[in-house]
Each structure stands twice: as C-alpha cells, then as structure tokens.
Amino acid sequence: MVLAMAAFALEDALLKQVARMLPIGQVLVLFGIGGALVFGLYRREGTQPLWHADARSKPMWVRAGFEITGRLFYVLAIALTPLSSATAILQATPVLVVLGARFYFGERVGTVRWVAVLLGLAGVAVVLRPTAGDFSVLSLLTVVGMVGFAGRDLASRAVPVTLGTRHLGFYGFLAVVVAGALYAVRQGQAWVWPDRAGVVALVVAVLVGTGAYASLMKAMRTGDVAAVTPLRYTRLLFGIGLGVVAFDETVDAATAVGCGVILCAGLLLALNARRSGLT
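Just so we're clear, the structure is a prediction, and the values are computed from it rather than from any experiment.

About the criteria used
- Residues numbered from 1 in each chain as written.
- Predicted model: local features only at pLDDT ≥ 70, side-chain atom pairs only at ≥ 80, totals over all residues.
- Heavy atoms only, no water.
- Salt bridge = Lys/Arg side-chain N within 4 Å of Asp/Glu carboxyl O.
- Helix = DSSP H or I, 4+ residues; strand = E, 2+ residues; numbered from the N terminus.
- Buried < 20%, exposed > 50% of the residue type's maximum accessible area, 1.4 Å probe, protein only.
- Expected span 1.5 Å × (residues − 1).
- Axes fitted to C-alpha atoms, helices over the stretch in contact; angles between N-to-C directions.
- Parallel < 35°, antiparallel > 145°, perpendicular 65-115°, else oblique.
- Left-handed = near helix turned anticlockwise from the far one by under 90°.
- Nonpolar A, V, L, I, M, F, W, Y, C, P; charged D, E, K, R; others polar.
- Phe/Tyr/Trp six-rings, centres within 6.5 Å; stacked < 30°, edge-to-face > 60°.
- Lys NZ or Arg CZ within 6 Å of the ring centre and 35° of its normal.
- Contact = heavy atoms within 4.5 Å.

1. A look at the pattern of salt bridges
Next up, step 1: For the structure on display, the rule yields 5 salt bridges.
Next up, step 2: Residues Asp12 and Arg235 are paired through a salt bridge, measuring 2.6 Å at the closest nitrogen-oxygen approach. Of this pair, Asp12 sits in helix α1 (residues 2-18) while Arg235 is found in helix α11 (residues 234-247), placing the two residues 223 residues apart along the sequence.
Next up, step 3: Given the relative accessible area of 2%, Asp12 is considered buried.
Next up, step 4: You can call Arg235 buried: its relative accessible area is 6%.
Next up, step 5: Where Arg152 meets Asp153, a salt bridge forms, and the shortest distance between an N and an O atom there is 3.1 Å. There is no split in this pair, since Arg152 and Asp153 are both buried.
Next up, step 6: Overlapping salt bridges bring together Glu11, Glu67, Arg71, Arg152 and Asp153 as one network.

Below, the structure is given as structure tokens:
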C-alpha cells in the first residue's frame, strides 16, 4: 500500500504537468489506453485470458462506474487545484473504505484501528483548514473523486476470484478511456499533438500508474481492509512533497503539524498490526 501511494503521488504530478499541455479529456484517453496495453500485454503462465466471462459480472460493472467517477473527477482536481490540497482531501478515502468494509463485508474494526483512522483524519483537518482562503468550490471535485475511489476499492473485494490483478488493471484503465472520452465530448476541445516532453511525461505516468494500480489491488484483495487502507495517509506526505518540489507550492506550520499527526496514525496502525499478527 505504501509503494502504491508513493507511485500514485508521482503519477498525479506527471498528469498535472501533462494537463498543462493537453486537453484533460485527451490526457485521460491516452493514459487509459497506455495502462490497458501494459496490463493487456502482461501475461504469466497459467493466468486466465482477458476476455473472461466473469468480467461481465455485476461487481465489475459497479467497479467500472466508480472507476470512471473517481478518475475523471480526481484528474480534474489535480489539474485545476494545488496538488497538495487535492492529495490532502483524498485522505478521507480510508474512512469510507473502512465503513464500507464494516457494513458490507462484516469485517471487524478494533478500537485501536478506529483511533488510528480518526487520528489520521484529524491530521487531514489540520492540513485542510476548511475556512482557509485556498479551500474553494473546486475542492469538491476531489471529494467526488474520493467517493469514486472508495467505491472502486470496495467493489474490488467483491469481484469473482477468477479475475486477477491483470484483469482489474486492464478493465480499470479501459474505464479511464471511457471517462476521458466522455469528458472530451463535454469539453469540445481539439486534440493536440504532444511535444517530446509531453510524450515522455505521459509514458512515465503510465508505467508508474500501472505499477501503483497493481500494488493497490494486491493490497486491497489480499490484506485486511481495515489494516491496509489507513496506510493511504502516506500519500499525503508524498503528494505534498512533490507539490513543493515540482510546483512551488508552500507548506506552512499547520500543514507540517497535520502531516506529523498523520504519520503518527500510520505508526500506531503498524504497531497494532504487528501485535495482532497481521504482518
């Protein structure tokens, strides 16, 4: 999960850069095609073919709908708002996932885990400061994206076991293509031929994004949801770091304190997982 969060933060930074050069709909379509190709061409001995009957199951359709929502609105958020702010808002995702796992899958969530999740949310609140001037209506784009990602992760737990990470990645990135095509029609902008820098950034984003996606799916499908999802808080540290380095975003004292609180939540969760024998 930590590896996935680091890679997703780098992917966000790259897509934000590419969105400065190309229309957002085009970025999503090209990114989705690239990711689908990577997962489609990767095949280990004994794996099921891509065109599996279970790919048409209800959980996969639900997952695709959440994927389209999450990807579209979150890419809009990182393109139109500061990367550090969008990353911070996204950290509310674990609460939705843990609640969903509790009510839909019956997973037990212990007291220490709830304390860790709430502590992490408190850190996010310190970073966000909802009354601050940089909290605009555009931040709601990230909120919608967050709901989409939480639903996608929960649906990933319900898909048939015959579908592996390769299937989830392939069909997930096809959903990104659909999201981009829908927005391209809405946007109505002519497509632009990217320069060399844009092509390199997009290719690296695809490679990093597919690695992040595979790591996330592995964590969500094989780990205890309540144990692994709060480690998403590490994405805040990576995202803010990239925002500062790559986009000259500033980090004030409150943001630093909030990140420290989130880190403490992650350490508390890791300690509890070790004592419970989850590691």
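After that view of the structure, there is still more to cover.
2. Concerning helix α7 (residues 139-158)
Next up, step 1: With 20 residues, α7 extends 30 Å between its outermost C-alpha atoms, agreeing within 8% with the 28 Å of an ideal straight helix rising 1.5 Å per residue.
Next up, step 2: With 14 of 20 residues buried, α7 is to be regarded as a mostly interior element.

3. Digging into the packing of helix α2 (residues 24-41) against helix α8 (residues 165-187)
Next up, step 1: Contact geometry of α2 with α8 gives a least axis separation of 7 Å together with a crossing angle of 160°. With respect to α8, the axis of α2 lies roughly antiparallel. Considering the relative orientation of α2 and α8, their crossing is left-handed.
Next up, step 2: A per-class count over the contact of α2 with α8 returns 16 nonpolar, 8 polar and 1 charged.

4. As for the packing of aromatic side chains
Next up, step 1: If you walk through the whole model with that rule in mind, you get 8 aromatic pairs.
Next up, step 2: Between Trp51 and Tyr171, the ring centres sit 6.3 Å apart and the planes meet at 80°, which makes this aromatic pair edge-to-face. Taken together, the positions of Trp51 in the loop between α2 and α3 (58-80) and Tyr171 in helix α8 put the pair 120 residues apart, joining distant regions of the chain.
Next up, step 3: The exposure class of Tyr171 is buried, given its relative accessible area of 17%.
Next up, step 4: Ring pairs connect the aromatic residues Phe31, Phe39, Phe173 and Tyr213, which therefore count as one cluster.
Next up, step 5: Over the aromatic face of Phe247 sits the side chain of Lys16, whose NZ or CZ is 5.6 Å from the ring centroid.

5. Side note on the side chain of Thr210
Next up, step 1: Mapped onto the fold, Thr210 is located in helix α9 (residues 196-222).
Next up, step 2: Classification of Thr210 as buried rests on a relative accessible area of 7%.
Next up, step 3: Residues within four places of Thr210 in sequence aside, it is in contact with Gly35, Val38, Phe39 and Phe173.

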